[in-house]
Amino acid sequence: MGVAHISNRSEPSSRKWSRRGLLTVLGIAPAAAALTGCSGSADASEGAARTATKAAAKRPTISVTPADGTRKAGFSSPVEVTVTDGTLASVKVTGNDGSTLAGSFNAAKTRWTSAGNPYSGTKYTVSATAEGASARTASFTTKSPGETFVGYFTPEADSTSGVGMPVSINFTHAVTDRAAVQKAVTVTAEPAVEMVGHWFSDTRLDFRPETYWAAGTKITLSLRLKDVEGADGVYGTQSKDVTFHIGREQISTVDLAAKEMTVRRNGTTYATYPVSGGDADHTTWSGIMVISERFKQTRMESSTVGLGDEYDISDVPHAQRLTTSGTFVHGNYWASTAVFGHENTSHGCVGLHDAKGADDASVAGYEFYDSSMLGDVVVVRNSGERIVDPDNGLNGWNLSWAEWKKGSAL
């Protein structure tokens, strides 16, 4: 019997096995396929890492100006908080004195800016939160100013004055930036009335309405001078509100031709007194004057007003100052009663008959003093002297409203 011979050449083409096919059948992946599969796994890992890194890079980043830890930060610019790759949810800035700085966001809520500047010499803590992130806390301390100034004001807080009392502020350092200082000082009244400031000098700023105050007016002075640069390197220190009140209206008119003073209260004649004014060599200032000081008794010495040794009276009764230069309306016990209402014999003051010791309630000097208060108006006419300078005492009423407004820095 012959043995059958099987020849590869006789196999149909569809039955031929390639090496690649055999390996696949046997479950062994071709080298190229193995390499392809391994490469796909590495790309996925690297992509995930890149995505995580990108996500981390896009987390909100909050920045604070002045920078965290600053010890001598400036106080002439607002505090600013910004965020990148996010939006701000909340910002709070608190001083070590318990105060807070208000502020506002921009439209995109990527920046918050304080409405005002931080105060000098204060430590601030900033707490800021971005949407979807934890809060960030930063702190800084502002430097203290080198040189400072304050404003001393008239009248005194919680006092009651007459209708002529201006609000007068005297600064302890010359002001070169008048506009900045005037912006930091406001005077308001109830009932409301237009108020304008007038600079008499680089250290004096007065406020008044167009006409005398209405009786019963409440006045509020708001000083926001802290850290306001009034001159180069010189900063204010005050931040306070004070109130004053206006009492009844009393306006006294002195006619030195008639040698008589008429006192009107709330529009009605209250009293009339015979007086004596300055003689021909020492005429009395004319114009509108306001009582700025009151003394039951005081010493008057001629040398203090440039008149040498003409007089020195240690106990002048019921003296009320009208000018800084030394004009008073006061009681007089050393002149004859016949002088009052008939002769002008003084060195420039307005005198009323009085008694030594200032305790006799029946005399004109006592009565007028007892009826008066700081801020009352005294008008002098027919004295033979020019109108008093408006800065000689609290006498700005001698300026017209137009003239007064010209003295404003705003």
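Everything in this summary refers to the structure shown in the same document. (Residues numbered from 1 in each chain as written. Predicted model: local features only at pLDDT ≥ 70, side-chain atom pairs only at ≥ 80, totals over all residues. Heavy atoms only, no water.)

1. Notes on the sheet that holds strand 8 (residues 147–149)
- If you trace the three strands from one edge of the open sheet to the other, you get 8-17-16, paired in mixed fashion. Looking at strand neighbours, the two that pair on one side only are strand 8 and strand 16 (229–231), the edges of this open sheet. Each strand of the sheet is rotated relative to its neighbour by a mean of 45°, with strand direction disregarded.
- The pairing of strand 8 with strand 17 (residues 234–236) spans three bridges and is classified as parallel. In the strand pairing of strand 17, F149 is matched with G236. (Pairing = 2+ DSSP bridges. Helix = DSSP H or I, 4+ residues; strand = E, 2+ residues; numbered from the N terminus. Axes fitted to C-alpha atoms, helices over the stretch in contact; angles between N-to-C directions.)

2. So, the side chain of S408
- Examined against the element boundaries, S408 turns out to sit in the segment after helix 5 (401–406).
- Engagement of the side chain of S408 in a polar contact is seen with the side chain of Q182, the distance being 2.8 Å.
- Excluding its chain neighbours within four sequence positions, the residues that come into contact with S408 are Q182, V196, G197 and H198. (Polar contact = N/O pair within 3.5 Å; in protein donor to acceptor, adjacent residues only side chain to side chain. Contact = heavy atoms within 4.5 Å.)

3. Examining the environment of T125
- Within the secondary structure layout, T125 lies in strand 6 (residues 123–130).
- Residue class for T125 comes out partly exposed when judged on its relative accessible area of 36%.
- For the pair T125 and T141, spaced 16 residues apart in sequence, the C-alpha to C-alpha distance is 8.9 Å. (Buried < 20%, exposed > 50% of the residue type's maximum accessible area, 1.4 Å probe, protein only.)

4. Describing the pairing of strand 6
- Of the strand pairs in this sheet, strand 3 (residues 88–95) and strand 6 are connected by seven bridges, and their pairing is antiparallel. Each bridged residue has a counterpart across the sheet, and for S90 the counterpart in strand 6 is T129.
- Pairing of strand 6 with strand 7 (residues 136–141), which is carried by six bridges, proceeds in the antiparallel orientation. Within the sheet, the bridge partner assigned to A128 lies in strand 7 and is R136.
- Counting the residues that bridge the hairpin from strand 6 to strand 7 gives five residues, and of these G132 lies at a positive phi of roughly 75°.

5. Structural notes on the nonpolar core
- By size, the foremost hydrophobic cluster in this structure holds 34 residues, and its most contacted members are F171, V181, F207, L221 and L225.
- Those elements that provide at least two residues to this core are strand 11 (167–171), strand 12 (185–190), strand 14 (204–208), strand 15 (218–224), strand 18 (239–246), strand 22 (287–290) and strand 27 (377–381).
- Those residues within four positions of F207 in sequence are excluded, and the remaining contacts are P166, V167, I169, Q182, V185, V187, M195, V196, G197 and W404.
- Listed in part, the 19 residues of the second largest apolar core include V263, W285, M289 and V378. (Core = buried A, V, L, I, M, F, W, Y, C linked by side-chain atoms within 4.5 Å.)

6. Regarding unusual backbone geometry
- Of the consecutive residues T65 and P66, the connecting peptide bond is found in the cis state with omega at 5°.
- Topologically, P66 is positioned in the loop between strand 1 (61–65) and strand 2 (80–84).
- With an omega dihedral of 5°, the bond running from E190 to P191 counts as a cis peptide bond.
- Its identity is not glycine, yet K259 carries a phi of approximately 55°, on the positive side.
- Within the element layout of this structure, K259 appears in the loop between strand 19 (250–255) and strand 20 (260–265).
- On the basis of relative accessibility, which here comes to 17%, the residue K259 falls in the buried class.

7. What to know about the side chain of T220
- Structurally, T220 is set in strand 15.
- The class of T220 is buried, set by a relative accessible area of 16%.
- Each residue touching T220, except ones within four places of it in the same chain, is listed here: T186, V187, T188, V242 and T243.

8. What about the packing of aromatic side chains?
- On inspection of all chains with the given rule, the structure shows nine aromatic pairs.
- Centroid distance F75 to Y235: 5.0 Å. Interplanar angle 75°. Geometry classified as edge-to-face. With F75 in the loop between strand 1 and strand 2 and Y235 in strand 17, this pair connects stretches of sequence that are 160 residues apart. For the pair F75 and Y235, one class covers both residues: buried.
- With 5.6 Å between their ring centres and 25° between their planes, Y124 and F140 make a pair best called stacked. Of the two residues, Y124 sits in strand 6 while F140 sits in strand 7, which places them 16 residues apart along the sequence.
- Overall, F140 belongs to the buried group, its relative accessible area being 2%.
- In this structure an aromatic cluster arises from ring pairing among F149, F171 and W199. (Phe/Tyr/Trp six-rings, centres within 6.5 Å; stacked < 30°, edge-to-face > 60°.)

9. A look at the pattern of salt bridges
- Evaluation of the coordinates by the stated rule reveals ten salt bridges.
- With its nearest N and O atoms 3.5 Å apart, the salt bridge here joins E194 to K405. Note that E194 is positioned in the loop between strand 12 and strand 13 (196–201) and K405 in helix 5, a separation of 211 residues in sequence.
- We classify E194 as partly exposed; its relative accessible area is 46%.
- The salt bridge involving D206 is made with R204; its shortest N-O contact spans 2.8 Å. The pair formed by D206 and R204 is uniform in burial state, with each residue classed as buried. (Salt bridge = Lys/Arg side-chain N within 4 Å of Asp/Glu carboxyl O.)

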